[in-house]
Amino acid sequence: MATRLFAAPSPHIHGGEKSSRIMGDVVLALMPALAISTYVLGWRVLFITAVAVASCVLFEWLICRFLLKRRSTIHDLSAVVTGVLLAFNLPVGIPWWIVVIGALVAIGIGKMTFGGLGTNPFNPALTGRIFLLIAYPVAMTDWTTGVPDSLSGSTLLSDIKYAPELVSSLNFMDMFGGDMNGSMGEISALALIIGGIYLLWRRVITWHIPVSILGTMALFGLCVGATYGGTITYELPLFHILAGGALLGAIYMATDYSTSPMTHKGMIIYGVGIGAITMIIRLWGAYPEGMSFAIFIMNAATPIINKYLRPKRFGTK
Amino acid sequence: MNTLVLTVLTLGVLGILLAVILYFVAQKFHVEEDPRIDDVEKMLPGANCGGCGFAGCRAMADALVTRDNISSLFCPVAGGETMKSIAGFLGKTAPDKEPMVATMRCGGTCQKRPKVNHYDGTLNCAVVNTFYVGESACAFGCIGYGDCVDACKFGALHLNTETGLVEVDPDKCTACGACVKACPKGLFELRKKWPKNRAIYVACRSKNRGAVVMKACKAGCIGCGKCAKVCAFDAITIDNNLAYIDPDKCKLCRKCYNECPTGAIRLENMEPLAKEPKVANTPASDVVAK
Amino acid sequence: MNTFPIGGIHPSDNKEWSKDKAIEVIELPNEVLIPMIQHIGAPATPIVQKGDRVLTGQLIGQATGFVSANIHSPISGTVTAIDAYPNGQGQRRIMIAIKREGDEWLESIDRSTELKRECNLSSKEIIEKVKDAGIVGLGGAQFPTHVKLSIPDGQKAEMLIVNGVECEPYLTSDYRNMLERAEMMLTGVEILMRALNVERAVIGVENNKPDAIAHLEEVIARDNYRGIEVMPLKMRYPQGGEKQLIAAVTGRQVAPPPALPISEGVVVSNVSTAIAVYEAVQKNKPLIERVVTITGKHLGSTHNFLTRLGTPLNSLLDLAGGLPEGDVKLLNGGPMMGRAIVDITGPINKGCSGITILSGKEAARGKENVCIKCAKCVEACPMGLEPYLLSKLAKLQKWDMAEEHNTIDCIECGCCSYTCPSYIPLLDYIRIGKQTVMTNIRARATANKK
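Residues numbered from 1 in each chain as written. Chains lettered and ligands numbered in written order. Predicted model: local features only at pLDDT ≥ 70, side-chain atom pairs only at ≥ 80, totals over all residues. Heavy atoms only, no water.

**Some words on the overall build of chain C**
Part 1 of the reasoning: Across its full length, chain C holds 14 helices and 17 strands.
Part 2 of the reasoning: For 450 residues, the compact-globule estimate of 2.2 N^0.38 gives 22 Å, and the C-alpha radius of gyration of chain C, at 22 Å, lies within 12% of that figure.
Part 3 of the reasoning: Principal-axis analysis of the C-alpha atoms gives chain C an extent of 65 × 55 × 50 Å.
Part 4 of the reasoning: Per-residue burial over chain C gives 59% buried out of 450 residues.
Part 5 of the reasoning: Summarising the internal contacts of chain C: among those between residues at least 6 apart in sequence, 73% fall at separations of at least 24.
Part 6 of the reasoning: Carbon and sulfur atoms form 52% of the exposed surface of chain C, whose accessible area is close to 17300 Å². (Helix = DSSP H or I, 4+ residues; strand = E, 2+ residues; numbered from the N terminus. Rg over C-alpha atoms; globule rule 2.2 N^0.38 Å. Buried < 20%, exposed > 50% of the residue type's maximum accessible area, 1.4 Å probe, protein only. Contact = heavy atoms within 4.5 Å. Areas by Shrake-Rupley, 256 points an atom, 1.4 Å probe, with all protein chains shown as cover.)

Take a look at the structure:
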């Protein structure tokens, strides 16, 4: 065999990181939450998640193949992530065909319309969720199915919204461990945090977005809580961080690469924006939960954040 | 009923108010513009190729209308006829220019210019040019990743995968000069366009000595000077081991073509001079067959 | 432990292949090719003719202007040609070809091996000697050293930083120099301090070379080199970049171009350059040889050669067991910033600190995918740029916007391409953008002068 000389511009080696590996890590990080959710809510969780993932992947493949007529992009696993996140944003009792519609909106409108991975301005899974929330409000807020010892058909967030004094009667350990009403992925704060630590360790995400979102929410809760009883308590801030989609949104949805800012400074502003809008909607808006809308609104602000918040140029003050 | 009236009223008043504001803003920011600019822009091809030196057709139209002397302005895409009609419309004198065509001056096909290394970076000529000479041993030849093809707005260029070289379709070429700028090796030249797309030119840019050229490419100009000697019109000059045929002096007599030992002189859409039988079967056939 | 403030990556250093190989002096080459340009600036002018007899160390190329460097004959023999020969990248450059006859040195050169520490020359005399010897930065940048040492009026050097970082994977020539020629290097540093009139010098060494750090510290204490200290730095690429090293050592950042390190009162010099300075000033020996690492996993044997400049690459390859079969990538330098060699008849020049051989598989480029906006390139960029954006702007030929986004700050370290999970060749395009913007800036400057 003869020697063949290769040539290319530098660098000649690569770190070995791959888009599909990053997406795989996100899916892996979501597994503890899926496991606890399945344990608490039953096998239907797996069924809904499987439907969501399968339809997301299928729609992406179909759109690539027949509408865009280009090489399929399902191998990057981003459709799988969208599918899992979409499922995590749904109540367990939702009919399967609504999930399919959600997947179609998420992939078809939220992602592929804009050119696919990397070019979508809004988080696809959130696009799907928000569409379903508006189109099927009853199915999307029916929390009765699945939970064996469910007290009522409402989530803690809506309970507290109309009776803030109840906050001191909550058992935070239940919220932490998984005994809480809500969407499939919101069940256990602990599982979500474990996944988040895994993502931080694998350098898939940085701390900036989750910490700024949760920090803003806590600060907001602290100030508002003080106006209720006149004393500063940990209860309201802690409640808001643990309840609803706060952790799911802060760790997994808001950190979506293409819809979040590119610089650390930008990420912090983006996170503060999401935290503040979430709390405003939760406390004074019509919906009990505001996370998805807050992320959606800040997604829209991402291009302008990227434009004005550039990284610190070496050698400048 | 009351609600209805109130709604209509509010919206009506709001509409009128906004219309008034809009009117005054439009008045304040109105820019007086020569209406002929619009007309001239319509007469221009609208390719926005930048071949005239301006950012686009609008800028060119603006220059044509506002400048007194337009002899230095020329749209290569529209050509002399259109320029004359624009000048007539504006009451100015049009520049007189011959039609031109882009010419790619490299004959180093894959067969004649073998690869000596394998490039595995971004398939872009400018990227290659940032760090080395390219896959062949010739530092002057076509890199073959088609920066010029991408730059051409008229689809006049295409990459022949068999030869690895870019070819010009003279019927589509408008001589806008985009390829001249895009080629990092400077292989393109805008040359006089003969009737029936006839052309004769030296398809090589190598300034290396003959021996070096021959080692790298079998189709290169070795600077032997035979063509210059035979030319009756002083159209051929040899500079830096490289022959150049001046298109303004050349009369397409084709004598040089038969003299060239390497076939670096290229003839297009013409039969070579049938002089001596032994040179009649030179690469002429494959040139014409194209 | 100190390091530079922003960006950076952690490639595996792969130094184990050649780090334990002592410097070997190789046989003199029979024929050499001496390029007239082995430095940043104007090419030198040949001052010999075909047929001339030259001695080892004789001046054969005269520096053209201030930013240029002298070129000396590395062997004794006859000039056989002055012509354009291809370098490693296949580009033809004017070179002087010399055929060797014996090994006769210029008489003025002191060839003894004992250390000569005492130096009573003035700053000006030292700089003059460095200039005469044709010394350039041996770390790879090839910037003429005398230009660096000539501090512009109104500015003052406060400290000398000696670059012993060698952050580029695989290469070990600086490392071997620090271990085996520490005394020469430290004396060179003393001379450089004298030339710059500074009291303090810091040798920055990454902590993946603990034995070099220990050895230097020991020699400094034993032989009492005053004002010189060794600073261990946390391993991180591209710490050897001039601005990164200054920031790592002093904590201060040199302002964006056109500011130079001297604006922070610092001059940076490579460890191998310090040895060359020692030889030039104390032994009258011009720059005619250097240590070249030849390394790679698939090579028959790896070495650190002390070789004369102008030696053809293929003779070094032969000593290392020849080119491996199959697909290989041959690099002048290391895998991060080295340039691919396509013509192995080309000569070793002043800036060649190593030849790295990668297999086609190791160096293969991944399939390019779409940008997922993961911001990993922004995080990795040591200059605080936005590589994804600069690359896109260059691709779209939006030169003005690329300039606005400071594309000329780019040091071409390759961290962005290295880190991209979509395998986008970011640097390929940024380099075009940088070159075009630099040309535009220069064109504007000349237009303004008129």
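On we go.
**As for the interface of chain C and chain B**
Part 1 of the reasoning: Contact with chain C, which involves 18 residues of that partner, is made by 14 residues of chain B.
Part 2 of the reasoning: A buried area of about 1400 Å², summed over both sides, lies between chain C and chain B, and 54% of it is on carbon and sulfur atoms.
Part 3 of the reasoning: A per-residue breakdown of the area chain C buries against chain B is headed by R92(C), V342(C) and I432(C), which together make up 32% of the total.
Part 4 of the reasoning: Summed over the shared surface of chain C and chain B, the number is 1 salt bridge.
Part 5 of the reasoning: Ionic pairing is found between D83(C) and R209(B), a salt bridge with its closest N-O pair at 2.4 Å.
Part 6 of the reasoning: Along the contact surface separating chain C from chain B lie 3 residue pairs in polar contact (both at pLDDT 80 or more).
Part 7 of the reasoning: For the side of chain C that touches chain B, the secondary-structure elements that each account for two or more residues are β16 (339–340) and α14 (426–449) of chain C.
Part 8 of the reasoning: Among the elements that take part in the side of chain C that touches chain B, α14(C) stands out by supplying 5 residues, more than any other. (Buried area = accessible area lost by both parts, 1.4 Å probe. Salt bridge = Lys/Arg side-chain N within 4 Å of Asp/Glu carboxyl O. Polar contact = N/O pair within 3.5 Å; in protein donor to acceptor, adjacent residues only side chain to side chain.)

**What about the confidence of the model for chain C?**
Part 1 of the reasoning: In this model, chain C carries a mean pLDDT of 93, and residues with pLDDT of at least 70 account for 100%.
Part 2 of the reasoning: Interface confidence for the predicted complex, expressed as ipTM, amounts to 0.88; the pTM equals 0.88. (pLDDT = per-residue confidence, 0-100.)

**Concerning the packing of helix α3 (residues 78–88) of chain A against helix α4 (residues 96–111) of chain A**
Residue and element names in this part refer to chain A.
Part 1 of the reasoning: For the pair α3 and α4, interaxial distance at closest approach is 11 Å and the crossing angle is 135 degrees. By the criterion of interaxial angle, the relationship of α3 to α4 is oblique. As for the relative orientation of α3 and α4, their crossing is right-handed in sense. Residues S78, A79, T82 and L86 of α3 pack against V99, G102, A103, A106, I107 and K111 of α4.
Part 2 of the reasoning: Looking at the contact of α3 with α4, its residues break down into 6 nonpolar, 3 polar and 1 charged. (Axes fitted to C-alpha atoms, helices over the stretch in contact; angles between N-to-C directions. Parallel < 35°, antiparallel > 145°, perpendicular 65-115°, else oblique. Left-handed = near helix turned anticlockwise from the far one by under 90°. Nonpolar A, V, L, I, M, F, W, Y, C, P; charged D, E, K, R; others polar.)

**Some points on the pattern of salt bridges**
Part 1 of the reasoning: Summed over the entire model, instances satisfying the criterion amount to 39 salt bridges over all chains.
Part 2 of the reasoning: The partner of R21(A) in a salt bridge is E17(A), with the nearest N and O atoms 2.1 Å apart.
Part 3 of the reasoning: For R21(A), a relative accessible area of 25% corresponds to the partly exposed category.
Part 4 of the reasoning: Here D25(A) makes a salt bridge to R21(A), at a shortest N to O gap of 2.3 Å. With a gap of 4 residues between them, D25(A) and R21(A) both fall in helix α1 (residues 19–41), about one helical turn apart.
Part 5 of the reasoning: Sharing partners across several salt bridges, the network here consists of D103(C), R111(C), E279(C), K285(C), E289(C) and R308(C).

**Thoughts on the packing of aromatic side chains**
Part 1 of the reasoning: With the rule as written, the count across this model stands at 11 aromatic pairs over all chains.
Part 2 of the reasoning: A centroid spacing of 6.1 Å and a plane angle of 50 degrees characterise the contact between Y198(A) and W201(A), whose relative ring orientation is tilted. Of the two residues, Y198(A) and W201(A) both sit in helix α9 (residues 189–201), 3 residues apart, roughly one turn of that helix.
Part 3 of the reasoning: Owing to a relative accessible area of 21%, Y198(A) belongs among the partly exposed residues under this scheme.
Part 4 of the reasoning: Between Y119(B) and Y132(B), the ring centres sit 6.2 Å apart and the planes meet at 25 degrees, which makes this aromatic pair stacked. (Phe/Tyr/Trp six-rings, centres within 6.5 Å; stacked < 30°, edge-to-face > 60°.)

**Observations regarding the interface of chain C and chain A**
Part 1 of the reasoning: At the junction of the two partners, chain C supplies 66 residues and chain A supplies 41 residues.
Part 2 of the reasoning: Taking both partners together, chain C and chain A bury about 4600 Å²; carbon and sulfur atoms supply 56% of that area.
Part 3 of the reasoning: By the criterion of area lost to chain A, the three top residues of chain C are I372(C), K373(C) and Y418(C), representing 13% of everything that side buries.
Part 4 of the reasoning: Taken together, the links from chain C to chain A amount to 4 salt bridges.
Part 5 of the reasoning: On the surface where chain C and chain A come into contact, there are 26 residue pairs in polar contact (both at pLDDT 80 or more).
Part 6 of the reasoning: Contributions of two or more residues to the side of chain C that touches chain A are made by α6 (242–250), β15 (326–332), β16, α9 (360–363), α10 (376–380), α13 (415–419) and α14 of chain C.
Part 7 of the reasoning: The element that contributes the greatest number of residues to the side of chain C that touches chain A is β15(C), accounting for 6 residues.
Part 8 of the reasoning: Grouping the amino acids of the side of chain C that touches chain A by side-chain chemistry returns 37 nonpolar, 13 polar and 16 charged.

**A few points about a nonpolar patch on the surface**
Residues and elements named next belong to chain B.
Part 1 of the reasoning: Taken together, the side chains of L11, L14, L17, L18, I21, V25 and F29 present a nonpolar region at the surface, about 710 Å² in accessible area.
Part 2 of the reasoning: With respect to the helices and strands, I21 occurs in helix α1 (residues 2–28).
Part 3 of the reasoning: The class of I21 is partly exposed, set by a relative accessible area of 47%. (Patch = residues over 30% accessible without salt bridge, like charges linked within 9 Å, V, L, I, M, F, W, Y side chains within 5 Å.)

**Considering the domain arrangement of chain B**
Residues and elements named next belong to chain B.
Part 1 of the reasoning: Its domain assignment divides chain B into domain 1 (35–90) and domain 2 (100–289).
Part 2 of the reasoning: Here domain 1 and domain 2 have C-alpha centroids that lie 32 Å from each other.
Part 3 of the reasoning: Taken together, the contact pairs 7 residues of domain 1 with 6 residues of domain 2.
Part 4 of the reasoning: On the domain 1 side of the contact with domain 2, C49, P76 and V77 bury the most area, a combined 64% of that side's loss.
Part 5 of the reasoning: Summed over the shared surface of domain 1 and domain 2, the result is 0 salt bridges. (Domains from an automatic or database assignment.)

**Structural notes on the domain arrangement of chain C**
All names here are of chain C.
Part 1 of the reasoning: Its domain assignment divides chain C into domain 1 (1–26 + 109–364) and domain 2 (376–449).
Part 2 of the reasoning: Computed over C-alpha atoms, the centres of domain 1 and domain 2 are 27 Å apart.
Part 3 of the reasoning: Of the residues lining the interface, 15 residues belong to domain 1; the matching set on domain 2 comes to 14 residues.
Part 4 of the reasoning: Both sides of the domain 1 and domain 2 interface together cover about 1000 Å² of buried area, and 68% of this is carbon and sulfur.
Part 5 of the reasoning: Counting the contacts that link domain 1 with domain 2 gives 0 salt bridges.
Part 6 of the reasoning: If you look at where domain 1 meets domain 2, you find 3 residue pairs in polar contact (both at pLDDT 80 or more).
Part 7 of the reasoning: Residues of the side of domain 1 that touches domain 2, tallied by class, amount to 10 nonpolar, 4 polar and 1 charged.

**Structural notes on the nonpolar core**
Part 1 of the reasoning: Counting residues in each nonpolar core, the largest one holds 82 residues, and the members touching the most others are Y252(A) and I274(A).
Part 2 of the reasoning: Here this core spans two domains, since at least three of its residues come from each of domain 1 (19–140) and domain 2 (156–308) of chain A.
Part 3 of the reasoning: If near-sequence neighbours (up to four positions away) are discounted, Y252(A) is found in contact with A29(A), L30(A), L85(A), A191(A), L192(A), G195(A), G196(A), L199(A) and L247(A).
Part 4 of the reasoning: Counting 63 residues, the second-largest nonpolar core is a separate cluster that includes V202(C), A247(C), M336(C) and L426(C). (Core = buried A, V, L, I, M, F, W, Y, C linked by side-chain atoms within 4.5 Å.)

**Overview of helix α3 (residues 173–180) of chain C**
Part 1 of the reasoning: In terms of residue burial, α3(C) counts as a mostly covered element, since 6 of its 8 residues are buried.
Part 2 of the reasoning: Among the residues making up α3(C), those that are buried are S173(C), D174(C), Y175(C), R176(C), N177(C) and M178(C).

**Focus: unusual backbone geometry**
Part 1 of the reasoning: In this chain, Y237(C) is followed by P238(C) through a cis amide linkage whose omega measures 0 degrees.
Part 2 of the reasoning: As for its position among the elements, P238(C) is in the loop between β11 (228–233) and α6.
Part 3 of the reasoning: Omega for the bond connecting P257(C) with P258(C) falls within 30 degrees of zero, at 10 degrees, which places this linkage in the cis form.
Part 4 of the reasoning: Among the secondary structure elements, P258(C) is positioned in the loop between α6 and β12 (266–270).
Part 5 of the reasoning: Backbone geometry places N240(B), a non-glycine residue, at a positive phi of 55 degrees.
Part 6 of the reasoning: Among the structural elements, N240(B) can be located in the loop between β7 (236–239) and β8 (242–245).
Part 7 of the reasoning: Although it is not a glycine, E166(C) sits at a positive phi angle of roughly 45 degrees.
Part 8 of the reasoning: Relative to the helices and strands, E166(C) resides in the loop between β9 (159–163) and α3.

**Details of the sheet that holds strand β6 (residues 71–72) of chain C**
Either a parallel or an antiparallel arrangement is found when strands of a sheet pair, and the pairing is made through backbone hydrogen bonds.
Residue and element names in this part refer to chain C.
Part 1 of the reasoning: Read across the open sheet, the 3 strands follow the order β3-β5-β6; overall the sheet is antiparallel. Strand pairing shows two members of the sheet lacking a second neighbour, β3 (45–46) and β6, which therefore form its edges.
Part 2 of the reasoning: Across 2 bridges, the pairing between strand β5 (residues 59–62) and β6 is antiparallel. Note that in β6 the partner of G61 across the bridge is I71. (Pairing = 2+ DSSP bridges.)

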